[in-house]
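Observations on chain architecture
Next come the chains, spelled out residue by residue.
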Amino acid sequence: MLAKTQHYLKQANLIAGEWVVADSGDVLTVTNPATGLEIGKVPSAGKSETRRAIDAAAEAFETFSQTTANERAKILRNMHDAMLDNQDALAELLTMEQGKPLAEAKGEIAIGAAYLLWFAEEGRRVYGDLVPSPWADRRIMVRKEPVGVVAAITPWNFPSSMLARKIGPAIATGCTSVIKPASQTPYSGLAWGVLAEEAGLPAGVMNIVTGRASEIGGELTRNPKVKKLTFTGSTEVGKTLLKQAAGTVKKVSMELGGNAPFIIFNSADIDRAVEGAIAAKFRNSGQTCVCTNRFYVQSKVYNKFVDRLGEAAEALKVGPGLDAGTQQGPLIDEAAVEKVEELIGDAEKKGGRIVAGGKRHELGKTFYQPTVIADAKSRMRFAREEIFGPVAPVFKFTKEEDAVRLANDTEFGLACYFYTQDLGQAYRVMEGLKYGLVGINEGVITTPEAPFGGMKESGLGTEGGRHGVDEYLETKYICVGGLGL
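Okay, so let's go over this structure. If you're wondering where the values come from, they're calculated on a predicted model, not measured in any experiment.

1. Some remarks on the pattern of salt bridges
For the structure shown, the criterion picks out 28 salt bridges. Residue Asp-346 is joined to Lys-350 by a salt bridge in which the shortest nitrogen-to-oxygen separation is 2.7 Å. On the accessibility criterion, Asp-346 (12% relative accessible area) is buried. If you follow the salt bridges from partner to partner, you end up with Arg-77, Glu-121, Arg-124 and Arg-125 in one network.

What follows is the structure, given as structure tokens:
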């Protein structure tokens, strides 16, 4: 372990500028999914600690909301610089607790820093309006103000960059926050507290609690001092949080589950499509909300694509994320492996043909072979369920309209991808797909400059881009009369 990695490995919670343990003294053990070995222990906090964190954030908001956009931008730029200066250490920490290859972890740290820089600048461009008045003696103004205390709950698959998309706009607009990282990957979340301190963020502006999800989430959603909830995770949990947040009518942002289709038309550049497919499917071992879940390939190029994808999948190097050259790390835990096995078993029973992989990797533990399944059918479970693993089921279609219909036949609507060299087809299909993110001839499309959010049961609201700032602002209308005009 790098010396600087130890510096960011905090085994305490940050509340009101102090690093503290749980009131009960209880802890959660964090293990490395590649080795099964213990990394360390973090506090198992609950309702009382969360309430204190909320109180600290509410108190800090009174002064932090009055700082200038330039002051807040300076803090974000300091955090951005600290992240890049310590990219290797932060990436090593991320890989240790999450398992993804070190190269991917470094990329996650880099894009997290890029989000901070983006929002540092966007925070300086939060404009109000002067509206033409229908009354000669009155003037109309519209003002944008920070929403208040923000509760941020993040997942284990991108434990650093998911926080960047929430912390960046919160700080940029003058909001304070209480953060609950995932229990499997708390250290990348707690590292943000160290970064914030080093960047000069005032005490109480950022608070981080780890521990019992139901207690922490219950307090964050029900406490009236929290004015906004931003959550990234499963649709099931998101619905529960929405119900709880309704009691105090909080502003909410929800980035929930996905069931991403990846369509390859007859006109597609197959080599480019395979390259994009590998990135869109096997990145982070298939454990991303925007990962391809279903491949739909037009009949004339079906066999060619299946063969090429199978070859590319078998060529991926599987291993511990810290090993040189690793392209696919372990799954997060045993439950994730068991789900993958269930889905593959279901597919085989219903006529699926294993082209590549299909078994646990020889490394054992939670390593699984990159898998390609041909002859996929709509009655197979992964046609409806999110896989969250390195499994690529490939369906066949004949007509363009069938591909669009099948792609849309899900309650989810987060990300989708398709490959074609027909310009007219590109526009028809793009307009027909009911998804918040559409990649045309590209398999990885996330960037700080663009909005990120889903349709249907994949979420509410948007993160990233100029639109991401609005989620942390309230709109106030001011009518000024009695001007004697």
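2. Regarding the packing of aromatic side chains
Tallied over the entire structure, the rule returns ten aromatic pairs. Seen in terms of ring centroids, Phe-265 and Phe-418 are 6.3 Å apart; in terms of plane orientation they differ by 85°. Their pairing is edge-to-face. Of the two residues, Phe-265 is situated in the loop between β12 (260-264) and α10 (270-282) and Phe-418 in strand β18 (residues 415-419); the sequence distance between them amounts to 153 residues. For the pair formed by Phe-265 and Phe-418, the shared burial category is buried. Judged by centre distance (5.9 Å) and plane angle (45°), the rings of Phe-295 and Phe-305 are tilted. Taken together, the residues span a long stretch of sequence, with Phe-295 in strand β13 (residues 292-298) and Phe-305 in helix α11 (residues 302-314) at a distance of ten residues. Residue class for Phe-295 comes out buried when judged on its relative accessible area of 0%. Exposure remark for Phe-305: the relative accessible area of 0% places this residue in the buried category. Three or more aromatic residues joined by ring pairs form one cluster here, namely Phe-262, Phe-295, Phe-305, Tyr-417 and Tyr-419. We note Lys-100 situated over the ring of Phe-158; from NZ or CZ to the ring centre the distance is 3.8 Å. A cation sits over an aromatic face here: Lys-228 above Tyr-472, 4.8 Å from the ring centre.

What counts and how
- Residues numbered from 1 in each chain as written.
- Predicted model: local features only at pLDDT ≥ 70, side-chain atom pairs only at ≥ 80, totals over all residues.
- Heavy atoms only, no water.
- Salt bridge = Lys/Arg side-chain N within 4 Å of Asp/Glu carboxyl O.
- Buried < 20%, exposed > 50% of the residue type's maximum accessible area, 1.4 Å probe, protein only.
- Phe/Tyr/Trp six-rings, centres within 6.5 Å; stacked < 30°, edge-to-face > 60°.
- Helix = DSSP H or I, 4+ residues; strand = E, 2+ residues; numbered from the N terminus.
- Lys NZ or Arg CZ within 6 Å of the ring centre and 35° of its normal.

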